[in-house]
Each structure stands twice: as structure tokens, then as C-alpha cells.
Amino acid sequence: MAVRKRKKILRYTIISGCLVAVITSGVWFATYRHYNAKLIDERAAYEEQLKDKDEVLQRYMDQSQTAYVLISPKLAGEAITAEDVMEEKLPKFSSPDNLINESKAIVGKYLKIDAMPGTAVTTEMVRDEARLDASERKEETEYIKLPLRLTKRDVVDIRIVFPNGEDYIVVGKKTLEDVDLANQYTFFNDNEEEAQLLQAALVDAYINNAELYMKQYVEPELQPEPVVNYVPNLDVLGVIKNDPFIIDQAKWSLAEKLRKELEKRLKAIEDENKIRVGAQAPSGSGVIQRKAEQGAAAAAGAAEADNSQSVNGIIDQSNQAPVDSSADQSSTGLTNKKAATDDSLLEGK
């Protein structure tokens, strides 16, 4: 009896132990599956976040641009050396469009303003010279014949050619700040002396049928600034010699004699041969043929509103069309004393 009872107890114990083991294993397995599934979901979510961040980072990298950032403080007028800047990649969407992205465009230049470390240098922050000329101003022209492929930041000379073929440099090596080819406008900085020469050249274009035009440099970094050899008229020479802004007066000492000799040569040309070189007989500035139709029409409308026939303050007293390309012979309002047409000039009438 006792043996049978012990076996029965042992059997129940074994069965109970198995049940407990099965239940425990089931609970553990269910818990494991639950947490494993949760871990898999969390891992998938994390990987998705990483993928999104990689895409964002790649998008930023694809839209980044090279910039040069100051690593030391600089004051206005100080030169920038290679040790003052370092190259960095900045997001394009949050950076200005005029960032300097070449070392040669910044090293050796001068700051216009004070700047702290970490400042990305832009084209508007630097200039070629340490200090501005006291007479430097912004110049706007529309009476100069422009190259067809002229673009902003091109470096040019402004030249003048007379009907006898004599060709002179009026202003040398100017960087264009902006260009409007449709209306033949250009924008650049000049000083007092250059402004006087430009105005004198405009008068020559008006009176002597000279042609003002621009020529682009091939490699401006490698080509030095030319010597200006244009001599203005005697009245302008008198202004230059008495202008306090023009310091270098020595080079104008022989200019009066040179100008008188030029005028003698120009007077020797017969009237029928006085045709502007490089363009048809001018209706305005001689560049009106190169204007876009819309620009020319707008300019003609402006000319009709102004019957004074003045060009930058110069009054038309010879009944010729003014040099300003915005003027048109059809809008002068003159009946008996009209300016000569292209055909009449070409035929010597």
C-alpha cells in the first residue's frame, strides 16, 4: 500500500512538474515573441529614421556650394591672406548666391567691412584696392557700342575711333558691375578723371562722328592695365587741370598740343568722308541698330517726352541727332533743319 501510494504521489508530482514546465515555457516563449516583435518594429523604425536622415543629408550635400570662411577677425581695408580663410561646404538653400568659391578671387583682396571669424566671404565684401578713391562713383552708360557676347563681370577697355581711323583708349581695364545688352546699358565704377574723359569722348562722338566702343580682355588676370592715350578737347583739359580730385597732372602737360594736332587732322577730312567708323551714320549714338526692338521702342518713347535734345547735359545746337541712343531723328520736332539721314551721309549729301 505504501509503495503504491508513493508511486501515485510521484506520478502526480511528475505530471505537475511537467505542467508547470510547459506553462512556464509557454509564458516565456510568448513573452519572448512579444518583445522580439517589438524589438523588430523598433529596429525597422530606427532604420527608417536613418534612411530619412541619410536622404536629407545627401540632399544637403547635393545642394551645397564651396565657400571661404574667415578663421580670424579682419578689419575693413585689411588684406586677406591664404591663412585667414578656409574652404567649407555650405548648404545652398541657406547661403547667399554671391559666395566666393575660388581662392584666387579672395586671397590678396581687401575687405570693405569689419568681419568676424566664421563669416563666409561674398563678392560684395571685397575689392581690389585697400581704399576707395575719394572721387569714385558708379557710372552708367548707354552710348557705347557693346560686344554681342558681353556679360556681367567682364573686363573691358573703352575706346574711341575717329573717322580718319585714329583709335584711342579712353578708359582702361574696367570690370562691369552689370550689363543690359537689350538697351545697351553698362554699369561700372570710375573716378573723376575717367568720368571727365568719358564725357569728353561723348562730345567727340557727337561733334566729330567718332565711335565709342568696348573691347573685352582675354585673360584680365594676366594682362596689365593699358596706358590711356585719349586726349580730350581743350575745354575739358582746362577742367582737368583745375580739378582738385585729379592728382596726377603731369601726364596732361603735353595734352593740349596733342589735341590741337588731332583737331587739325580731323578738320582735314572732307565732310562727305566724315562717316562714323564701325557703324552706320548715327541716329542717336550709332549703336541704336544693335538695340533690341523693345529697348529701342522704349527709348524712343522717352526721347519724345524730352524735346530739349540734350545728352548728359549737352544741348544740341548743331541740329544733329544727339549722341544719346534713346533719341531718334523722327522725334526731334525739327522741320526745316533736320539731321542728316544715314543715306545722305553715306552719299555725301
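That block above? That's the structure.
Residues numbered from 1 in each chain as written. Predicted model: local features only at pLDDT ≥ 70, side-chain atom pairs only at ≥ 80, totals over all residues. Heavy atoms only, no water.

Enquirer: Help me understand the overall build of the protein chain in this model?
Expert: Regarding its fold elements, the protein chain presents 6 helices and 12 strands. Counting over 349 residues, the protein chain shows a buried share of 35%. Across the protein chain, contacts joining residues at least 24 apart in sequence account for 69% of those joining residues at least 6 apart. If you sum the accessible surface of the protein chain, you get close to 21800 Å²; carbon and sulfur atoms cover 54% of it. (Helix = DSSP H or I, 4+ residues; strand = E, 2+ residues; numbered from the N terminus. Buried < 20%, exposed > 50% of the residue type's maximum accessible area, 1.4 Å probe, protein only. Contact = heavy atoms within 4.5 Å. Areas by Shrake-Rupley, 256 points an atom, 1.4 Å probe, with all protein chains shown as cover.)

Enquirer: How do you make sense of the packing of aromatic side chains when you look at a structure like this?
Expert: Across all of its chains, the model carries 3 aromatic pairs by this definition. Between the aromatic rings of Phe162 and Tyr168, the centroid separation amounts to 6.0 Å while the plane-to-plane angle is 75 degrees, which identifies the pairing as edge-to-face. Tyr168 shares its class with Phe162; the two are buried. Centre to centre, the rings of Tyr185 and Phe187 are 6.3 Å apart; their planes meet at 20 degrees, and the pair counts as stacked. (Phe/Tyr/Trp six-rings, centres within 6.5 Å; stacked < 30°, edge-to-face > 60°.)

Enquirer: What is the right way to look at the sheet that holds strand β5 (residues 137-141) in this model?
Expert: Sheet strands pair by backbone hydrogen bonding; their relative direction is either parallel or antiparallel. Here we have 3 strands laid out as an open sheet, ordered β5-β9-β8, and antiparallel in their pairing. Each end of this open sheet is capped by a strand with a single partner; those strands are β5 and β8 (178-180). Adjacent strand axes in the sheet meet at a mean angle of 25 degrees when their direction is disregarded. Relative to strand β9 (residues 185-190), β8 is paired through 3 bridges, and the arrangement is antiparallel. Bridge pairing links Asp178 to Phe187 in β9. Along the sheet, helix α2 (residues 192-207) contacts β5 and β9; its crossing angle with β9, the most-contacted strand, is approximately 140 degrees. (Pairing = 2+ DSSP bridges. Axes fitted to C-alpha atoms, helices over the stretch in contact; angles between N-to-C directions.)

Enquirer: Looking at this structure, how should I read unusual backbone geometry?
Expert: Excluding glycine, residues mostly have negative phi values, and the peptide bonds linking residues are mostly trans. A positive phi is found at Lys173, a non-glycine position, where the angle reads about 50 degrees. Of note in the backbone geometry, Asn209 takes a positive phi value of approximately 60 degrees without being a glycine. Looking at the element boundaries, Asn209 is found in the loop between α2 and β10 (211-216). With relative accessibility at 13%, the residue Asn209 sits in the buried group.

Enquirer: Help me understand a nonpolar patch on the surface in this model?
Expert: A grouping of Tyr12, Ile15, Leu19, Ile23 and Val27 is seen on the molecular surface, where their side chains present a nonpolar patch of about 500 Å² in accessible area. Take Ile15: it is sitting in helix α1 (residues 2-62). (Patch = residues over 30% accessible without salt bridge, like charges linked within 9 Å, V, L, I, M, F, W, Y side chains within 5 Å. Salt bridge = Lys/Arg side-chain N within 4 Å of Asp/Glu carboxyl O.)

Enquirer: How should the layout of surface pockets be read in this particular structure?
Expert: Once rolled over the atoms, a probe with the size of a water molecule shows which space is left empty. Estimates place the volume of the largest pocket at around 1700 Å³. Lining the largest pocket are 42 residues; nearest its centre among them are Arg127, Asp128, Arg153, Thr175 and Glu177. At 4 residues, β9 tops the list of elements feeding residues into the lining of the largest pocket. Here the lining of the largest pocket is built from residues that sort into 12 nonpolar, 7 polar and 23 charged. (1 Å grid on protein atoms, 1.4 Å probe; cavity = no way out; pocket = protein on both sides within 12 Å on 5 of 7 lines; lining within 4 Å. Points joined across faces, edges and corners; volume = space filled by probe spheres on them. Nonpolar A, V, L, I, M, F, W, Y, C, P; charged D, E, K, R; others polar.)

Enquirer: Where do I start with the packing of helix α3 (residues 234-241) against helix α4 (residues 255-267) in this structure?
Expert: Where α3 contacts α4, the two axes come as close as 10 Å, and the packing angle between them is 170 degrees. Regarding the angle of α3 to α4, the classification is roughly antiparallel. Handedness of the α3/α4 crossing: right-handed. Mapping the contact onto sequence places Leu234, Leu237 and Lys241 in α3 and Ala255, Glu256, Arg259 and Lys260 in α4. For the contact of α3 with α4, the per-class residue count stands at 3 nonpolar, no polar and 4 charged. (Parallel < 35°, antiparallel > 145°, perpendicular 65-115°, else oblique. Left-handed = near helix turned anticlockwise from the far one by under 90°.)

Enquirer: So what exactly am I meant to see when it comes to the packing of α2 against α3 here?
Expert: Relative orientation and spacing of two packed helices are given, respectively, by the angle between their axes and the distance between those axes. One way to put it is that α2 packs onto α3 with a least axis distance of 10 Å and a crossing angle of 170 degrees. With respect to each other, α2 and α3 are oriented roughly antiparallel. Residues Gln196, Leu197 and Ala200 of α2 form the contact with α3, whose own contacting residues are Val236, Val239 and Ile240. Looking at the contact of α2 with α3 residue by residue, the class counts come to 5 nonpolar, 1 polar and no charged.

Enquirer: Mind showing me how you'd approach the environment of Pro96 here?
Expert: By the secondary structure assignment, Pro96 is in the loop between β2 (85-91) and β3 (110-111). Relative accessible area serves as the criterion here: at 39%, Pro96 is assigned to the partly exposed category. The sequence separation of Pro96 and Ala120 amounts to 24 residues, and the corresponding C-alpha distance is 9.2 Å. Filtering out sequence-adjacent residues up to four positions away, Pro96 remains in contact with Gln65 and Thr122.

Enquirer: Honestly, the sheet that holds β10 in this entry has me stumped. Any pointers?
Expert: The 3 strands are arranged β7-β6-β10 in an open sheet whose pairing can be described as antiparallel. Two strands bound the open sheet, and with one partner strand each, they are β7 (167-175) and β10. Pairwise comparison of adjacent strand axes, ignoring direction, gives a mean angle of 25 degrees for this sheet. The sheet contact formed by strand β6 (residues 155-161) and β10 spans 6 bridges and is antiparallel. When the sheet's bridge partners are listed, Ile158 is paired in β10 with Met214.

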